Amino acid sequence: MKKTYFLCSIILFVCINHTIEAQTKPNIVIIHTDDNDFYHWGFGGGPLLSPTIDRIAKEGIKATEYHVTSSVCTPSRYSLLTGKYAGRCEEEVFTKAFPTDKPYSVEWNTFIDAEKETIFPKILSANGYNTAFVGKWHLFKDVYKEKFDANENYLASETDKKLKEMQADAVAKIKKCGFDYAASVVIANNDDHPLRELQYHNLDWTAKGAVDFINLQKKEKPFFMIVNTTGHHGPCLEESIDQPISKTYAGKIEGMEGLLPPRSSIRDRIVKKGYVPNFETISTVWTDDCVNAIFKALEKNKLDKNTVIIFISDHNRHYNKGTCYRSGTRTVFAMRYPEKIAECSSTDLPFQNIDLYPTLLDMANIKLPQSVKTDGKSVWDELLGKKPSTAMKEMFFEFGYARAIQWGRWRYIATRLPQPQIEMMKTGKATKALNITGKQAFTMPLFKFYPQYFDTDQLYDIATDPDEQMNLANDATLADTLQVLKQKLQKYTLSFRHPFDVMNTNEYFQSEAYKELVKKSFSPEEIKNNYWIQKKCY
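A quick note: this is a predicted structure, and the numbers were derived from the prediction, not measured.

S.K.: An account of the overall build of the protein is needed here, citing residue identities and associated values.
M.R.: When its secondary structure is counted, the protein shows 18 helices and 17 strands. Taking 24 Å as the expected radius of gyration for a compact globule of 538 residues, we find that the protein reaches 24 Å, a close match to that expectation. Once the C-alpha set of the protein is aligned to its principal axes, its extents read approximately 90 × 55 × 50 Å. A buried classification covers 58% of the 538 residues belonging to the protein. Considering only contacts in the protein between residues 6 or more positions apart, those separated by 24 or more positions represent 75%. As displayed, the protein has an accessible area near 22500 Å², and 54% of this comes from carbon and sulfur atoms. Once the 70 positive and 67 negative side-chain charges of the protein are each reduced to a mean point, those two points are 4 Å apart.

S.K.: Now, about the packing of aromatic side chains: what can you tell me, with residues and values included?
M.R.: Scanning the entire structure with this criterion turns up 30 aromatic pairs. Here the aromatic cluster, defined as three or more aromatic residues joined through ring pairs, consists of Tyr85, Phe94, Phe98, Tyr104, Phe396, Tyr492 and Phe496. The cationic tip of Arg403 hangs over the ring face of Tyr104; the distance from NZ or CZ to the ring centre is 4.1 Å.

S.K.: Please set out the confidence of the model for the protein residue by residue, giving values where relevant.
M.R.: Do not read the fine detail of predicted coordinates wherever pLDDT is low. Taken over all residues, the pLDDT of the protein has a mean of 91, while the share at 70 or more is 91%. Long-range and interchain partners of residues 1-22, a stretch whose pLDDT sits below 50, account for seven contacts in this model, where long-range means more than four residues apart.

S.K.: For the nonpolar core, give the residues involved together with the corresponding values.
M.R.: One finds Trp137, Phe224, Phe333 and Met335 to be the most contacted residues of the largest nonpolar core, which totals 114 residues. Among the elements that make up this core, the one with the highest residue count is helix 6 (residues 157-177) (six residues). Apart from residues no more than four positions distant in its own chain, Met335 is found in contact with Ile56, Gly60, Ile61, Val308, Ile309, Ile310, Ile341, Met363, Trp380 and Leu383. Membership of the second largest hydrophobic core comes to 43 residues, among which are Leu49, Ile214, Met225 and Ala334.

S.K.: Could you give me a rundown of the pattern of salt bridges, with the residues and numbers involved?
M.R.: Where charged atoms from two side chains of opposite charge come close, those side chains can pair. Inspection of every chain in the model, using the stated rule, returns 35 salt bridges. The salt bridge involving Glu152 is made with Lys162; its shortest N-O contact spans 3.3 Å. Remark: Lys162 occurs in helix 6 and Glu152 occurs in the loop between strand 4 (130-136) and helix 6; sequence separation between them is 10 residues. With a relative accessible area of 15%, Lys162 lands in the buried category. Salt-bridge contacts for Lys491 lead to Glu394; the nearest nitrogen and oxygen are separated by 3.1 Å. Separated by 97 residues along the polypeptide, Lys491 in helix 15 (residues 479-493) and Glu394 in strand 14 (residues 394-399) bring together distant segments of the chain.

Quick notes on the rules
- Residues numbered from 1 in each chain as written.
- Predicted model: local features only at pLDDT ≥ 70, side-chain atom pairs only at ≥ 80, totals over all residues.
- Heavy atoms only, no water.
- Helix = DSSP H or I, 4+ residues; strand = E, 2+ residues; numbered from the N terminus.
- Rg over C-alpha atoms; globule rule 2.2 N^0.38 Å.
- Buried < 20%, exposed > 50% of the residue type's maximum accessible area, 1.4 Å probe, protein only.
- Contact = heavy atoms within 4.5 Å.
- Areas by Shrake-Rupley, 256 points an atom, 1.4 Å probe, with all protein chains shown as cover.
- Lys, Arg positive; Asp, Glu negative; His and termini not counted.
- Charge placed at Lys NZ, Arg CZ, Asp CG, Glu CD.
- Phe/Tyr/Trp six-rings, centres within 6.5 Å; stacked < 30°, edge-to-face > 60°.
- Lys NZ or Arg CZ within 6 Å of the ring centre and 35° of its normal.
- pLDDT = per-residue confidence, 0-100.
- Core = buried A, V, L, I, M, F, W, Y, C linked by side-chain atoms within 4.5 Å.
- Salt bridge = Lys/Arg side-chain N within 4 Å of Asp/Glu carboxyl O.

What follows is the structure in structure tokens.
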């Protein structure tokens, strides 16, 4: 009898201890949006159309110097999940394209290899968290495994079967990367879907995946969930909100009505608040509705008080995406944590998406395994106010064949196109100056906003020139500053497997022939036909 009583006491103690531990570890929800500028949200100075998202900032902390390492979807998402710069990608598409004796170009090519990468949700899962992924992934090399005819009817039985198989395959691959749960997976950009009928957003379906996961949770075990919404990225949402709510990447799904306010009400709600319904305002309202559904599910399940909610974006908007400019890498950050963070807080701490990996582990009181290496550093103590923010913190950026560093008030950008791309321009195979990804210049970005875009070395004083319009690299009075920044940037580039010569540039870029190609890229016709202008919803 005594032995039985003693054994029961031990079991009860263990159960109580696990419950207390789960209650002390916070639940963590990341709302990760797509292509966002500050002006899309009320707390960022935009229209007052996002009360729930603004609540995160009002009831917590917002950051004014949060940056991503790369200013397009795939490498930014890679860095967030791995805590590493995208140039360290080990997936075979990247490694085969760029042997270690050649420079690499970071683009939409840095996928996650589940066998080689340890994403932070995997560590959370190993330490007692239930982990979930919902929404846009954009980290697969084999985007669409099933073959479709573009004009297939998504309701046809055979097509529906293929859609469900494709969704199941995506869920399985994401789980293999380290998540316990995955749902409502948008494999890549919506307008890349092989079926024309499915080239639309569906944030009701995204909300369903998130709410379903929250409803499964128990207080005895903490959870982590990242919800990647697609609003503000193309295709235009004016068309998407007019589609049937049941139309999803997983085929027809019934029963989602009532989870969000009716789509038919979005335009009217915008007008009633004194704004014009368009792609951006509709995106803001629909995304806020999705986040509100998540809040309601947390509150209904009495999970909201011990849940950290972080609101971020993968990069800034299309005038500056696909560059190393500050206005492309700097984006929104807000965090609500009722138990730890004071309301209406703000920080000018410079930090990046790679820093969230160790920060979230610190938040959960989990040690980073010695076998796992990240580029990020925890900023948890700074966000809590236990440490002062360091305005002189260095930040490294990369996109295409450009690398950049921000240090205090200075940002230095170096572009080093490889020799084959230089030969294309020399021999006339390229009729315009090649952009920083080594491609014909009309593809991106909006050159008229960056008059020094094609300069191989660029130095900006972001304290006086935050929009980076005046290149100071040739200012003799700043020669020492430029040299210091080059040395700092070289410290980063030398840590990669691939070469990048910060200190030297090819003499071709000083030639009259190159300057003529640059002029052609800046012609009014080229700007008019620019990809990012034509794709207004990007």
